[in-house]
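Now for the letters of each chain:
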Amino acid sequence: MSLDTLTNYMTPTGREEPWRFTPMNRLAGLHDPAVELRDRVSLEPLDIPSGVSLTIEASDIFPPLSDTEDQIIIRVRESASKLLLLTIDANAEINEPVFLKREVLDLSPEVSRVRIDAGVNSHATIVIENSGDGVIAEEVEINLASGSNIKFVTLQEWSSRAVHVARHHAIIGKDASFTSYVITVGGSLVRILPTVEYKGPGSSAELFGLYFATDGQHFEHRVHVDHKVPGAKSRVNYKGALNGDSARTVWIGDVFIKATAQGTDTYELNRNLLLSHGARADSVPNLEIETGDIVGAGHASTTGRFDDEQLFYLMSRGIPAEQARRLVIRGFFAEIVSKLDIEPIEVRVMERIDGELSEVKS
Amino acid sequence: MSRLEIKGLHVSVITEEGSKEILRGVDLVINSGETHAIMGPNGSGKSTLAYSFAGHPKYTITAGTVTLDGADVLDMTVDERAKAGLFLAMQYPVEVPGVSVSNFLRTAVTAIRGEAPKVRTWVGEVKEAMTQLSMDPAFSERNVNEGFSGGEKKRHEILQMELLKPKIAILDETDSGLDVDALRIVSEGVNRVKANQDLGIMLITHYTRILRYIKPDFVHVFAGGRIVEEGGPELATKLEENGYAEYATA
Ligand SMILES: Nc1ncnc2c1ncn2[C@@H]1O[C@H](COP(=O)(O)OP(=O)(O)OP(=O)(O)O)[C@@H](O)[C@H]1O
Ligand SMILES: [Mg+2]
């Protein structure tokens, strides 16, 4: 970071609105200009099918496509000298998911800048898998050309020491469809900003999320959908469960429908299941509408305890308590997981949750 | 031969004002092959009795014993009671979102039988049981009780009973909410299980019409948290004509 930017950089204190839920002392310095961020590309491809290319570019040749006020993301932009660029050719139909994996991190802070360019009318699924230790600040920009259809899956299966702060920003062209799954089941502190903007009518975004936090984990998802163009659609559905008295989750759902966004159709939903008495889930849906000319707009948020009647019903049919609990939790997440349609991931995520459920305290 | 024995059962619920006694000394014996009808006014404690057997956590047993073939039922967890051979068809079956009927049935049957049913015969077994209860096999893929109509929920309860093959079943107002045809279909289901494995039945109902299909050996009048009168099938007819006025002060 140059001295120049250093002087402009405002270190967030935690009192600012976007940071008020985040335990700043657990960010491992990602927000602190005194802490140097390692500058390298950490994602590795598993297999690159034809129609897709993956290159490492100089960061300054690819300026950011979007604005952000998030201080950590600003640091990413300033610190990363390289950009990982994934390009999907126009009209390419990629049937198998493209996996990008990150495994070799340690606990020294680093940055990552990724860009995904989906060509006109292309179809693809991209999966980013995060596991093990890591302290990382990251920005992924996904640029969907018109008529493209992208499924973007990120898995946060980190160790309980990892810190991950990321922004996933999708820019959705005319008649393009973006579907994202943000699955956070591991880490000490994970703070993800899935954000969306639209470029033309007929564009649509479906943002799904699943999180499962246990003792000592803080998982924060801040969804932001900006409807500025007419005739775009958004659906948001995030579901979370918390197990352990010191488990914390935060979900923010900002959906803005600007005066220029006639014919917008939006619905956002967040449900949280508290499996322990001390666990705390904050859920803040926020819908701001500046035009009356819309197809529909709605939101819902619920946070509730485990339903003992469901447990009793299953047990009264001979199903042991622990198995009944697992069934209910699997059922709770089913509407998200079953849509994902990548079986090995569905199985792995649910097995991890099953395992951590054995430690349920009520 | 199985024998469910209830002696001096007192049950309370915790309310905001403290503990409230609902069952005040219930004595009842149900043997295999016997059908006991329980009739009584709203709020008299019939469902409380049913739930107490099944082990619902809301109810506290303050006195009395319940044994199944000598084994202490009250000492068992909810799932152990089911494994011991007790089945409760609930007045208000619970919805379990995201859990399919087929997954639920397979899990329950595996737990009760102690081994997973053979894949080859299982699908057929479920299908046959559903067909006999005039349930569309499409219900297998729906979530447990979610969006089921009142009558569909009751059929689903009896479907479970057919597959789980209990020794003693408590049917809590299984007839409520059933249309005329469904009442006959469900009753036939109950009678099938009864014939197949000598089921003992405790049938809680407000109406005699189900008793035309499922013939009770005994009728018990339940009022004020106790059994206040016992008799044969003729007692049910008398209750339907006269109501419970004469037991009001019981
Ligand atoms: N949490 C509670 N607080 C106060 N009263 C309760 C509570 N739970 C149950 N009761 C009371 O216990 C009594 C018995 O209820 P129960 O459901 O057993 O009646 P029932 O005989 O099955 O009635 P119905 O014929 O209407 O089904 C009722 O008066 C009910 O209001
Ligand atoms: Mg009742």
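Look up: the structure comes first, before these words.
The structure contained in this document is the topic of the report that follows.

What counts as what
Residues numbered from 1 in each chain as written. Chains lettered and ligands numbered in written order. Predicted model: local features only at pLDDT ≥ 70, side-chain atom pairs only at ≥ 80, totals over all residues. Heavy atoms only, no water. Donors = N, O, S within 2.8 Å, 3.2 Å for Na, K, Ca; no water. Helix = DSSP H or I, 4+ residues; strand = E, 2+ residues; numbered from the N terminus. Buried < 20%, exposed > 50% of the residue type's maximum accessible area, 1.4 Å probe, protein only. Axes fitted to C-alpha atoms, helices over the stretch in contact; angles between N-to-C directions. Parallel < 35°, antiparallel > 145°, perpendicular 65-115°, else oblique. Left-handed = near helix turned anticlockwise from the far one by under 90°. Contact = heavy atoms within 4.5 Å. Nonpolar A, V, L, I, M, F, W, Y, C, P; charged D, E, K, R; others polar. Near = heavy atom within 4 Å. Polar contact = N/O pair within 3.5 Å; in protein donor to acceptor, adjacent residues only side chain to side chain. Areas by Shrake-Rupley, 256 points an atom, 1.4 Å probe, with all protein chains shown as cover. Salt bridge = Lys/Arg side-chain N within 4 Å of Asp/Glu carboxyl O.

**A word on the coordination of the magnesium ion (ligand 2)**
All names here are of chain B.
Phase 1: Protein coordination at the magnesium ion (ligand 2): the donors are S47 (OG) and Q91 (OE1), at 2.0 to 2.2 Å from the metal. Linking S47 in helix α1 (residues 46-54) with Q91 in the loop between β6 (86-89) and β7 (96-100), this pair joins segments that are 44 residues apart in sequence. You'll find S47 and Q91 in the same group, each marked buried.

**Notes on the packing of helix α4 (residues 119-132) of chain B against helix α5 (residues 150-164) of chain B**
All names here are of chain B.
Phase 1: Interhelical geometry of α4 versus α5 gives an angle of 135° and a closest axis separation of 10 Å. Viewed along their axes, α4 and α5 adopt a mutual orientation that is oblique. Crossing geometry of α4 relative to α5 is assigned as right-handed. Counted together, W122, E125, V126, A129, M130 and Q132 of α4 and L159, E162 and L163 of α5 form the full contact between these two elements.
Phase 2: Counted by class, the contact of α4 with α5 contains 6 nonpolar, 1 polar and 2 charged residues.

**A word on the site of ligand 1**
Residue and element names in this part refer to chain B.
Phase 1: If you check the shell around ligand 1, you find 17 residues, and the closest are I22, G43, K46, S47 and T48.
Phase 2: Within the backbone of G45, an N or O atom sits 2.9 Å from an oxygen atom of ligand 1.
Phase 3: Within the side chain of T48, a nitrogen or oxygen atom sits 2.5 Å from an oxygen atom of ligand 1.
Phase 4: Surface burial for ligand 1 is 69%, taken as the share of its 660 Å² of free accessible area covered by protein chains.

**Topic: the pattern of salt bridges**
In a structure, side chains of opposite charge can pair up when their charged atoms sit close to one another.
Phase 1: Under the definition given, this model contains 34 salt bridges over all chains.
Phase 2: Linking K83(B) and D79(B) is a salt bridge whose minimum nitrogen-to-oxygen distance equals 3.2 Å. Taken as a pair, K83(B) and D79(B) lie in helix α2 (residues 78-84) at a separation of 4 residues, close to a single helical turn.
Phase 3: Of the residues examined, K83(B) reaches a relative accessible area of 37% and is grouped as partly exposed.
Phase 4: Salt bridges here are not isolated pairs; linked through shared partners, they connect D70(A), R191(A), E220(A) and R222(A).

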